[in-house]
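Chain residues, written in single-letter form:
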Amino acid sequence: MVKFSEDKLKEVQSMIDRYPEGKQKSALIPLLHLAQEEFGGWLSAETMDYVGSLLGIEPIEVYEVATFYSMYNLKPVGKHVFEVCHTGPCMLKGSDDIIGYIKTKLGIKVGETTADGLFTLKTVECLGACGYAPMMQMGIDYREHLTEAKVDEIIAACRNKQ
Amino acid sequence: MATKLLLAKAHVEGIRHFEVYRREGGYAAVEKALKMEPGAIVEEVKKSGLRGRGGAGFPSGMKWSFLAKPEGVPRYLVCNADESEPGTFKDRYLMEFIPHLLIEGLIVSSFALGSNRTYIYIRGEYAWIVGILEQAIAEAKQNGFLGKNILGSGFDCEIYVQRGAGAYICGEETALIESLEGKRGNPRIKPPFPAIKGLWDCPTVVNNVETLAAVVPIINIGGEEYAKIGVGRSTGTKLISACGNINKPGVYEIDMTISVEEFIYSDEYCGGIANGKKLKACIPGGSSVPILPANLLLTTAKGEPRLMNYESLSDGGFATGSMMGSGGFIVLDEDQCIVKHTLTLARFYRHESCGQCSPCREGTGWMEKILGKIENGKGAISDIDLLWDIQRKIEGNTICPLGDAAAWPVAAAIRHFRDEFEWHVNNPELCQTQNFGLAHYADPIHVPA
């Protein structure tokens, strides 16, 4: 059953308090981030309906936002999501090779999750790290200046966390 | 050594913290501003010649003066920290290293504009920076610079951080406002402009991070002094985020009188092309501005050295020039393929199109497909003309500038590098394993007598 704890609900209320009276819909995008983190790293219909109920808005108002913004996962993802930038400035610095290396190493295509549920590989657009390319985002962090060796280290560290 | 108005203290140890920032002269501009009339602050910004640092370069003082002030209606200042233009990472740098500079600029600007609730809309992917900003805001509040009746001035001011969730289009001010209201980032038709009807239909000013940070030195040294730095209508300093095939990628604060050649080759800045390669091309202001071959980048069509300022980068219009744009300076060396690079940009714009306008929604996908064909050795010569035709039909026919931003890179690539496209078409197998190379792109340009 999708439900925030009492503490999380206090956090939700402080989010809503940032806006003028009656404008709580402005909390939708931050709230969807919170819900995605809390409920398995993705937004199921149940999660989205719950978020809508917290703000007093219709489910469709949540779905239309969740489907617009690229950071929301609408399907389950692996424990570690690699979001590798592939836009022009990163391409100049070898992002295509890094993506190819990760695909080979993990045995998955872009958009897929490994069979053990550990890793998902996504390609994303410019992350604002062009001077530190090639790079990727993992959760809250940027992993920059990627090399094959660095990728190996990151994958090993993720496996060791289990 | 150029004046550093923004980043001078960026690497002082502990500068992220209020006490250190204050010790280094921080928040003096707030103390000064609160003793001025809000109108006088707007005048200083006008005198400074400050232009929007997000990419459009619109005079900031003028934008501020458009703000409507109806009785009993709240006004809002919104800081655009959505930085998503490929090649651009200067706002990130400023927020990460010297967040209090932005907070200070926001407090001064909020007072000038009468915004009691100011929002920083930050792209969702800059997730760790949210904590940095909120910490700085909390510290400023603890010290009386935010909250009710700041420093006894009678002015209430709160700053909130609002996360985006992955949408380049939300860097466009009306799409940003839609997103802040909890909706899809669909740009609005202008007029009405946000200054009249913006956030929650209230008068709103949306400004870029760097623009608002620049308000601090403007108040500290005065608009007139600020305007003495730089040249012409390129006053003050500019943050340039340099990337691509250079030795020293990174963020640089420049005086806008330096030449492009100095910016690329001097050790004080980019340190030259990496790996002993030669310069082939450059996009000087973020992916949306025209790409230039090496020869037209370094000199104008008239044979004059090109400088790193608004006027000089635009010299020659799109026929032979480019734009300052966001300051995202992307350098391509002789081994890079212009067709492939243009393809990655076309893919970007197709991904980021909000879908409202048919020319953009359909045109971006179409251009990406055709560029993909040419890149993979399956294109025809007529495809190059078709690309030109499609971009021409997008430009100017959309609600917001994303359509133009998608069209311009394709137009510039064909305009200046057509033979590289034709070579792909005429050498479908060879182009899969070899580059077109430097060709004539660095040859001295012919200046008509």
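Each chain has its residues counted from 1, following the order in which its sequence is written. Chain A is the first chain written and ligand 1 is the first ligand written, with later ones labelled in order. Local features in this predicted model are restricted to residues of pLDDT 70 or higher, and side-chain atom pairs are both shown and tallied only at a pLDDT of 80 or more, whereas totals for entire chains, interfaces and linings draw on every residue.

Enquirer: For this particular structure, what's the right way to read the overall build of chain B?
Expert: Secondary structure elements follow DSSP: runs of H or I of four or more residues count as helices, runs of E of two or more count as strands, with numbering from the N terminus. Tallying secondary structure elements over chain B gives 18 helices and eleven strands in all. Only C-alpha atoms enter the radius of gyration, while the globule expectation follows 2.2 Å times N to the 0.38, with N the number of residues. Over its C-alpha atoms chain B spans a radius of gyration of 22 Å, differing by no more than 12% from the 22 Å that the globule rule assigns to 449 residues. Principal-axis analysis of the C-alpha atoms gives chain B an extent of 75 × 45 × 40 Å. Around each residue's C-beta, the other C-beta atoms within 10 Å are counted; 20 or more make the residue buried, 12 or fewer make it exposed, and counts in between make it partly exposed. All C-beta atoms are placed from the backbone. Buried positions account for 55% of the 449 residues belonging to chain B.

Enquirer: Looking at this model, I keep getting lost on the domain arrangement of chain B. Mind explaining?
Expert: When the parts of a complex come together, some accessible area is lost, and that lost area is often taken as the interface size. Residues and elements named next belong to chain B. All domain edges in this entry derive from an automatic or database-based domain assignment. As assigned here, chain B comprises domain 1 (18-224), domain 2 (237-333) and domain 3 (338-432). Inter-centroid distance (C-alpha atoms) of domain 1 to domain 3 is 35 Å. The interface is formed by nine residues belonging to domain 1 together with nine residues belonging to domain 3. By the criterion used throughout, residues are in contact when their C-beta atoms, derived from the backbone, lie within 7 Å.

Enquirer: In this structure, what is going on with the nonpolar core? I would like to understand it.
Expert: Nonpolar side chains tend toward joint burial in soluble globular proteins. We define a nonpolar core as a collection of buried residues of the types Ala, Val, Leu, Ile, Met, Phe, Trp, Tyr and Cys that are connected via C-beta atoms lying within 7 Å of each other. Within the largest apolar cluster, 177 residues are counted, with the highest numbers of intra-cluster contacts made by L32 of chain A together with V78, L94 and V108 of chain B. Take this core: its biggest share by element is ten residues, from helix α18 (residues 402-426) of chain B. Ignoring anything within four residues of it in the chain, the contact list for L94 of chain B reads L6, L101, L102, V209, E210, A213 and L239 of chain B.

Enquirer: Any chance you could explain the domain arrangement of chain A here in plain terms?
Expert: The domain architecture assigned to chain A consists of domain 1 (6-66) and domain 2 (80-160). Relative to domain 2 of chain A, the C-alpha centre of domain 1 of chain A lies at a distance of 29 Å.

Enquirer: What is the right way to read the interface of chain B and chain A from this model?
Expert: Chain B puts 45 residues into the contact, and the matching count from chain A is 35 residues. Broken down by secondary-structure element, the contributors of at least two residues to the side of chain B that touches chain A are α7 (127-142), β3 (158-163), α8 (173-180), β7 (237-244), β11 (328-333) and α15 (338-352) of chain B. Note that Gly is not counted as nonpolar here; it falls among the polar residues with everything else outside the nonpolar set of Ala, Val, Leu, Ile, Met, Phe, Trp, Tyr, Cys and Pro and the charged set of Asp, Glu, Lys and Arg. Its residues assigned to classes, the side of chain B that touches chain A comprises 18 nonpolar, 19 polar and eight charged.

Enquirer: Just checking my understanding: could you explain unusual backbone geometry for this structure?
Expert: The general pattern is negative phi for most residues beyond glycine and trans for most peptide bonds. Residue and element names in this part refer to chain B. With an omega of -5°, the peptide bond running from K190 to P191 counts as cis. Its location among the elements puts P191 in the loop between α8 and β4 (204-208). P192 follows P191 through a cis peptide bond whose omega is 5°. Mapped onto the fold, P192 is located in the loop between α8 and β4. In this structure, W200 takes a positive phi of about 50° despite not being glycine. For W200, the location among the structural elements is in the loop between α8 and β4. For W200, a count of 17 C-beta atoms within 10 Å puts it in the partly exposed group. In this structure, A439 takes a positive phi of about 45° despite not being glycine.

Enquirer: Is there a simple way to think about the sheet that holds β3 of chain B in this case?
Expert: Consider a sheet: its strands pair through backbone hydrogen bonds, and that pairing is either parallel or antiparallel. Residues and elements named next belong to chain B. Here, any two strands with at least 2 DSSP bridges between them count as paired. The strand order β3-β2-β1-β4 describes an open sheet built from four strands, whose pairing is parallel. If you trace the sheet from one side to the other, it starts and ends with β3 and β4, each paired once. Adjacent strand axes in the sheet meet at a mean angle of 20° when their direction is disregarded. Where strand β2 (residues 115-122) lies against β3, six bridges are found, and the strand directions are parallel. Residue pairing in the sheet places I122 in a bridge with R163 of β3. Geometry is summarised by axes, namely lines fitted to C-alpha atoms with helices restricted to the contacting stretch, and by angles between N-to-C directions that run from 0 to 180 degrees. On the sheet, helix α6 (residues 99-113) packs against β1 (75-81), β2, β3 and β4 and is oriented at approximately 150° with respect to β1.

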